[in-house]
Amino acid sequence: TLIGGLHQPNAPDKNWLAVNDFPGTPNFGRLISTWSNFNRNAAGGTLSVPLVASVSDDRGVSWSPVIEITPQGSLNQGTQPVFLPDGSLAVIYISFIDPSNTSRFGILCKRSLDGGRTFPGTATTVVAAVQGWDDPDMRDGVYLPSAAVARTTGDLFVTYAGIVNGSPRVLLVRSTNRGATWTQPMVVSDQPAGVSVMNPAVTTDSFGNAIVFFTDKRHAPDGRNYVDHYAALVDPRRGELQAPNVRLT
């Protein structure tokens, strides 16, 4: 048990698990669980949402004390931990720009050189400002960017849904230096303007290309209540789609 019960004033949420599966690296086999720790007042209002973690080096039998990823009092959401080929760890998360406007946020990256035991460094900026897209008819993961690492190159990829030129789009960014700097966002969904897309997730292939999966309403008869799953195949070196989006369902 990492933390007991969803009780006020602390309410853990949006937990994620990663494992260091890079043989020969420090902390090989380590598990890390990360989550958002909602701090609330007696009335249930959110005061802050710091991000925390715990690690296990014995296959989940025991866990470390809670580790701070972001300071107490910060307002964040949606951790996504990713181990890198050198055994270090990157955690992707969002940080709200203006607490009164939660549809706008930045995406940040914090790297742990000791595989999740400490997070002493300053976060780097993945995307400075996102106008988030929240589907009006379906619960989605607007605050949950997805991250993956290419095992052959060590490149990091992050995907998210946002509004571009007034239309929902799935976007992708890439880092070639373990999260220190990031490319400009690339639109990877090719649905007609105004059609809702959401819940993107990214993985990579053996060549270091990125594949982004997402939910798409371009075929919904009423434009609202039906979805398909689509995939975008991305060549990161050229910064372009390899082909039109592929319908999976």
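Just above sits the structure.
So, here is what we can say about the structure in this document.

Quick notes on the rules
Residues numbered from 1 in each chain as written. Predicted model: local features only at pLDDT ≥ 70, side-chain atom pairs only at ≥ 80, totals over all residues. Heavy atoms only, no water. Pairing = 2+ DSSP bridges. Helix = DSSP H or I, 4+ residues; strand = E, 2+ residues; numbered from the N terminus. Axes fitted to C-alpha atoms, helices over the stretch in contact; angles between N-to-C directions. Buried < 20%, exposed > 50% of the residue type's maximum accessible area, 1.4 Å probe, protein only. Polar contact = N/O pair within 3.5 Å; in protein donor to acceptor, adjacent residues only side chain to side chain.

What follows concerns the sheet that holds strand β7 (residues 89-98). Taken together, 4 strands build an open sheet; the order of strands is β6-β7-β8-β9 and the sheet is antiparallel. Bordering the open sheet on either side are β6 (76-83) and β9 (124-131), each of which pairs with just one other strand. Ignoring which end each strand starts from, the neighbouring axes of this sheet average 20° apart. Where β6 and β7 come together, 6 bridges link them in antiparallel fashion. Bridge assignment links Gln80 to a residue of β7, and that residue is Ile92.

Once that is clear, we can look at the pairing of strand β4 (residues 51-56). Within β4, 6 of the 6 residues are buried, leaving the element largely enclosed by the surrounding structure. By the alternation rule, side chains of β4 split into Leu51, Ala53 and Val55 and Val52, Ser54 and Ser56, which are all buried. When strand β2 (residues 31-40) meets β4, the two strands line up antiparallel, connected through 6 bridges. Bridging from a neighbouring strand, Ser33 pairs with Ser54 of β4.

Here we come to the environment of Gln72. Looking at the secondary structure, you find Gln72 in the loop between β5 (67-68) and β6. On the accessibility criterion, Gln72 (46% relative accessible area) is partly exposed. Residues Gln72 and Val212 lie 140 residues apart in sequence; the distance between their C-alpha atoms is 33 Å. Engagement of the side chain of Gln72 in a polar contact is seen with the side chain of Glu68, the distance being 3.4 Å.

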